[in-house]
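# A closer look at the structure
Below are the chains, spelled out letter by letter.
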Amino acid sequence: MLKRHREAWQLPASVGLSGFIQFLQDSKQLSVVRLSADTGEVVTRYVWEQASPQAVALTLRPSAYLSHGTAARLHGLTDQFAKVIYVNKEQSPKPPPKGALTQEAIDRAFKGQQRASTYVFHFDIYRAVLLSGKNTGALGVEDVPTPEGEFLPATNVERTLIDLTVRPNYAGGVEEVLGAFRRAHEQEKVDVAKLLQTLGQLNYVYPYHQALGFYMARAGFSEEALAPLKALGLHHDFYLAYGLKDLVYDAGWRLHHPRGL
């Protein structure tokens, strides 16, 4: 661009690339954003006029999309995560796990803490958390409007609620997840048929439909909406999240959850 327009813009030969960039910055049309990872990695991005922090964060990985708490905020399901941006870059396809699910395996897995991404980039007042989600072919990803008027790739309401159920630590915890379900119900944003279809396509080994049913029941969804989830079967005792303490048991969904939720 500098070479093509140097003559028309009457820029002297002494103006090199760094000087040209500085000229654009001084004109207030170009800004430079540096994203620094906790690993020491630094990524530089150039913004023409303006871009939302979500748009900047998405440039960290090709074909990435906004998910979890960030998608929930874009859909109006939470007031949290103004400064934390979850960016999901899917893994390559993996073979499905072998063997049948057992109660012993569920109990053992959910006694521990859930793994969480430590790959975090900092820029301005924001933190971009890079996630490596399972390969779904960008299932349920749509162009969602931001407050700045952009349309950015993010999970739709149904996929977002499932993602929050599976990874509540990327939503601020199970209380925040329940709050998201309540808002989704109050605002009539959930297509239950689409929710069930999406859950089936995600093909999870663990019976997350029991956790979804629990959240939906507590959020006030009708028995008619809950019936298809119950029809999937209640074959195991399950847990609302990993590593929870002071649990109580909901026999209706065969689910252990925190007391008082």
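Structure shown above.
To start, this report covers the structure provided alongside it. (Residues numbered from 1 in each chain as written. Predicted model: local features only at pLDDT ≥ 70, side-chain atom pairs only at ≥ 80, totals over all residues. Heavy atoms only, no water.)

## Things to note about the sheet that holds strand β10 (residues 247–250)
- The 3 strands are arranged β9-β11-β10 in an open sheet whose pairing can be described as mixed. Every interior strand has two partners, whereas the edge strands, β9 (238–239) and β10, have only one.
- Where β9 lies against strand β11 (residues 255–258), 2 bridges are found, and the strand directions are parallel. Residue pairing in the sheet places Tyr239 in a bridge with His256 of β11.
- Strands β9, β10 and β11 of the sheet are contacted by helix α9 (residues 208–219), whose axis makes an angle of about 50° with β11. (Pairing = 2+ DSSP bridges. Helix = DSSP H or I, 4+ residues; strand = E, 2+ residues; numbered from the N terminus. Contact = heavy atoms within 4.5 Å. Axes fitted to C-alpha atoms, helices over the stretch in contact; angles between N-to-C directions.)

## Here we look at the nonpolar core
- The biggest cluster of nonpolar side chains holds 41 residues, and the ones touching the most others in it are Leu161, Phe181, Tyr215, Met216 and Leu240.
- With 7 residues, the single largest contributor to this core is α9.
- Setting aside residues up to four positions removed in sequence, Met216 forms contacts with Phe181, Val192, Leu195, Phe221, Ala225, Leu226 and Leu229.
- Val33, Leu35, Val47 and Ala128 belong to the second largest nonpolar core, which has 23 residues in total. (Core = buried A, V, L, I, M, F, W, Y, C linked by side-chain atoms within 4.5 Å. Buried < 20%, exposed > 50% of the residue type's maximum accessible area, 1.4 Å probe, protein only.)

## Quick notes on empty space enclosed by the protein
- In this structure the tally under the stated criterion is 1 cavity of 30 Å³ or more.
- Taken as a whole, the largest cavity spans an internal volume of roughly 40 Å³.
- Lining the largest cavity are Gly69, Ala72, Thr78, Phe81, Leu164, Ala171, Glu176 and Ala180.
- Tallied by class, the residues present in the lining of the largest cavity amount to 5 nonpolar, 2 polar and 1 charged. (1 Å grid on protein atoms, 1.4 Å probe; cavity = no way out; pocket = protein on both sides within 12 Å on 5 of 7 lines; lining within 4 Å. Points joined across faces, edges and corners; volume = space filled by probe spheres on them. Nonpolar A, V, L, I, M, F, W, Y, C, P; charged D, E, K, R; others polar.)

## Let's talk about the pairing of β11
- Looking at chain direction, β10 and β11 are connected through 4 bridges and run antiparallel. Within β11, the position partnered with Asp250 by the bridge is Leu255.
- Linkage of β10 to β11, two consecutive antiparallel strands, is achieved through a turn of 4 residues, within which Arg254 is found at a positive phi near 50°.

## Details of helix α8 (residues 192–202)
- What α8 keeps buried is the set Val192, Leu195, Thr198, Leu199 and Leu202. For α8, the angular spread of buried residues about the axis comes to 120°, placing them on one side. Away from its buried face, by an angle of more than 90 degrees, α8 presents the exposed residues Ala193 and Gln197.
- Summarising the contacts, the buried residues of α8 are in contact with α6 (157–166), α9 and α10 (223–231).
- You can read the cap of α8 off the contacts: a side-chain oxygen lies 3.1 Å from the backbone nitrogen of Ala193, and it is on Asp191.
- A positive phi of about 55° marks Asn203, the residue just after α8. (Arc of directions from axis to C-beta. Polar contact = N/O pair within 3.5 Å; in protein donor to acceptor, adjacent residues only side chain to side chain.)

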